[in-house]
Structure formats: structure tokens, C-alpha cells
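# Descriptive structure summary
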Amino acid sequence: ASGAEMHYVSLEDASSDRKTFYKVALDEGVYVDGNKLPVAGLKTAIADSGTTLLLISAEAFGKIDDWLRANKCKEFPGLCEAPSWFSPGDCVEISDEDLSALPTLALNVGPPGKQFMMELKPEHYMVKYAVQGTVYRCVGIHYMPSSGGIDVILGNTVMMHYTNHYDRVNNRLGFGEASGDCVGGAAKATSSGGGSSNGVDSSADEGVSGCESRAGSCGDCSHTTGCTYNYFSHQCVAQNQHPVDSVIGFPWCMGRMCVCEDRKTLRFALLGVGVFLAAATVGLLLVGTVRFVRRRRQAAAANATPLDYEVDEARLVGGGAPSVAEPLGDFHFEEDDEDEEDDHNNDVNMRT
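Rules and cut-offs
- Residues numbered from 1 in each chain as written.
- Predicted model: local features only at pLDDT ≥ 70, side-chain atom pairs only at ≥ 80, totals over all residues.
- Heavy atoms only, no water.
- Helix = DSSP H or I, 4+ residues; strand = E, 2+ residues; numbered from the N terminus.
- Buried < 20%, exposed > 50% of the residue type's maximum accessible area, 1.4 Å probe, protein only.
- Contact = heavy atoms within 4.5 Å.
- Areas by Shrake-Rupley, 256 points an atom, 1.4 Å probe, with all protein chains shown as cover.
- Pairing = 2+ DSSP bridges.
- Axes fitted to C-alpha atoms, helices over the stretch in contact; angles between N-to-C directions.
- Patch = residues over 30% accessible without salt bridge, like charges linked within 9 Å, V, L, I, M, F, W, Y side chains within 5 Å.
- Salt bridge = Lys/Arg side-chain N within 4 Å of Asp/Glu carboxyl O.
- Expected span 1.5 Å × (residues − 1).
- Arc of directions from axis to C-beta.
- Core = buried A, V, L, I, M, F, W, Y, C linked by side-chain atoms within 4.5 Å.

Turning to the overall build of the chain, a few remarks are in order. Tallying secondary structure elements over the chain gives 8 helices and 22 strands in all. Taken across its 352 residues, the chain has 33% of its residues classed as buried. Restricting the contact set of the chain to residue pairs at least 6 apart, pairs at least 24 apart contribute 54%. Summed over its atoms, the accessible surface of the chain is roughly 22,500 Å², and 51% of this surface lies on carbon and sulfur atoms.

Another aspect to go through is the sheet that holds strand S7 (residues 91–92). Overall, antiparallel pairing links the 3 strands, which are arranged S7-S11-S10 in an open sheet. Strand pairing shows two members of the sheet lacking a second neighbour, S7 and strand S10 (126–131), which therefore form its edges. Summarising the sheet, S7 and strand S11 (residues 134–139) pair through 2 bridges and their orientation is antiparallel. In the strand pairing of S11, cysteine 91 is matched with cysteine 138.

Ordered by their spatial adjacency, 5 strands build an open sheet running S2-S5-S13-S6-S12, and the pairing between neighbours is mixed. Each edge of the sheet is formed by a strand with only one pairing partner; in this case those strands are strand S2 (23–25) and strand S12 (141–143). Neighbour-to-neighbour, the strand axes of the sheet open up by a mean angle of 25°, direction not taken into account. For strand S6 (residues 54–56) and S12, the ladder comprises 3 bridges, and the chain directions are parallel. Directly across from isoleucine 56, in S12, lies its bridge partner tyrosine 143.

This next bit is on a nonpolar patch on the surface. Where nonpolar side chains cluster on the molecular surface, the patch consists of Val273, Phe276 and Leu277 and spans about 320 Å² of accessible area. Relative to the helices and strands, valine 273 is located in helix H7 (residues 264–303).

This part takes up helix H1 (residues 58–71). Between its first and last C-alpha atoms H1 spans 20 Å; for 14 residues at 1.5 Å apiece the expected length is 20 Å, and the two agree. Those residues of H1 lying buried are Ala60, Phe61, Ile64, Asp65, Trp67 and Leu68. Burial along H1 is one-sided: seen end-on, the buried residues are contained in an arc of 160°. Residues of H1 that are buried in the fold lie against strand S3 (29–32), strand S4 (35–38), S6, strand S8 (105–109), S11 and S12.

Right, let's talk about the nonpolar core for a bit. Generally speaking, a soluble globular protein has its nonpolar side chains buried in company with each other. Counting 43 residues, the largest nonpolar core has Leu54, Phe86, Val152, Leu154 and Phe175 as the members making the most contacts within it. Ranked by the residues each element gives to this core, the list is headed by H1, at 5 residues. Setting aside chain neighbours within four positions, we find leucine 54 in contact with Leu107, Leu120, Gly140, Ile141, His142, Val152, Ile153, Leu154, Gly155, Thr157 and Val158.

Looking now at unusual backbone geometry. Of the consecutive residues alanine 82 and proline 83, the connecting peptide bond is found in the cis state with omega at 0°. Secondary-structure assignment places proline 83 in the loop between H1 and S7. In this structure, glutamate 28 takes a positive phi of about 55° despite not being glycine. With respect to the helices and strands, the residue glutamate 28 is situated in the loop between S2 and S3.

Quick look at the structure:
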């Protein structure tokens, strides 16, 4: 923030031996065009470069939404419809002229008597996002429940427009409006005589000026300092000429955030992932087949019916239970002639 005035506010929990976040106080409210909308419990904010959006409480977001519905419905079609485009992460196609009619939002940061009004203009919290020549504006605000004594997170939606100075020696946090001369978070150096100025190497500017020559190659563009690459148009442009001033980079990328097909390591990685997925698929198919066959066999065994047998009454053993046998047809009992004669003789002998 070259030449920008820094506004310092003291840190909360400055006396604590264990500091986890850079906490600053809030005055329990959000401001819309200078009007304070009270929000009970909105007391503490942290500055966190690892958070993409401005995160506030659901109640604070609802207060902003209510104000817009009460004052801007006629100016912005779709704002008061269901669903409204003023929702976390939602986008709308809107001109810069119409955008300027949205209100300025603000948070009063710092302890009483030493506060700094941090303002966000419409072009700050309505993040620009372009895809295939169409420019959208996306709501760069989300809501979250308070947790661990944190009610607001000042993410990149704020940090793209305010330079932060983390003064750990004096236990304070400084905010200064960022100028338009920043590239990659560092002020551009003005070099003379082909050297460097103020200890900043001018080779970065030389790399930026050659971005256009690396168009078409994601790998070459992403490896060049200060260049951004577009996945769709295959453009390679200097970051300070980036057509999308956005924390939502896609379809643009820069540096190691780019996933490029012309990188050998990426190709090998994708090949490895493909082999792994293929092996996993075959394994799942085999396991599924085995389980299917096993279940079919179990079902067949459970549904099997016992065999039917016929009882032949002719095979009664000693008048007891019938013996179980297969059908044997009709039985014919014939007495032998010799047996008849023996029976006759025995009968005569018994009489005598």
C-alpha cells in the first residue's frame, strides 16, 4: 500500500502468552451506507488470509439483506425474488454503473475511542468473475456461527482492498487501503539502467512483460513469475492486467495453483490415479461377483423342498410302522404245492 495511510488498532488478548489469531474488537453492528444495524454479540473479528470471503454471523447477513430489500428492490431485478441473487456465493450479471448503486458496507474495528471504520464498496464485496467473455458479480460474503470467541473473519474479500500490517512487537494490527500498483502483494519497483531499485529485482517485471508470449502453454505461463493462465481461452496475461479481479480465480490460475496437462509430473500422477482406479474397479467387480454367487447358493438351499416318498402298505413289519420305500408295483402271494402238502400231513399227524 504505497503511500496509503495505515490505521492501527490494538489486538484483543494481547497479554495472553498463547496467541492463535490476530483478534480485533467490533462494536456489535454492521454499517450500511453509514447506518448502523445493531447485531448483538458481534464483538470480535480476526484477519485471516487463509479465508476466501468475508464471514459474518447469520444475523448480520440477514440485517444487510433486509436493508437491501427495503431500499433497493426496484433498482435491482431479482434482488427481492425467491431465490434472491444476494445470497452467499451467488452471482448476477450486472453492469458497473448499476453496481455503484449498491450500498457501502462497513465494520467499526478496534476498541472504543480508537476505532477504524473499515469500508467495503460494492465493487469490493461483489466479486468480479468472468467466464467466456461474460462478466458476473458474485456475493463475496458468507455467514457462519460464532465459535471460539470469533464472530467475524476478515478474509480475502477484505484483504484484496486493505493491506494489513501485523505489528507483533506493539501488539497491534494496521489497515491501509491498497493501491492499484500492487503485483503479487508487493509494490512494483521502478528500475533504472537495467538494474534494480530499492533492493527489488527488476527481473519480475521482465517476466510479466513476456506473459503474452507464453499463451497456449499452461506450464510455461504458470511457471513465469507474475503471469496468470486461462484454462478456456489459453491466454497468458500479466497479473496486474488480470481481467478478473477476483478471489474466485477459475477459469484463471497462477503458479502452483494451475493444473496443467503439459506438466510431466501431472501426467504421471494422472496415469497413476487411472491405474489405481482401474484396479479398484476390477477388485470391486470380483468381490461383488463372489458375494452374488454365494447369496444365490444360500437362497437356493433355503428354498429347497423335501423329497416325497410313497408308503407301501404291503411292507408292514410286524404290524409296526410302515417302512418307507419307492413304489414297487403290485404284490402277488402264491403258495407252493409242496408247502400245501406239508401242511396237510402235519394236520393229519396232529389228529392222530
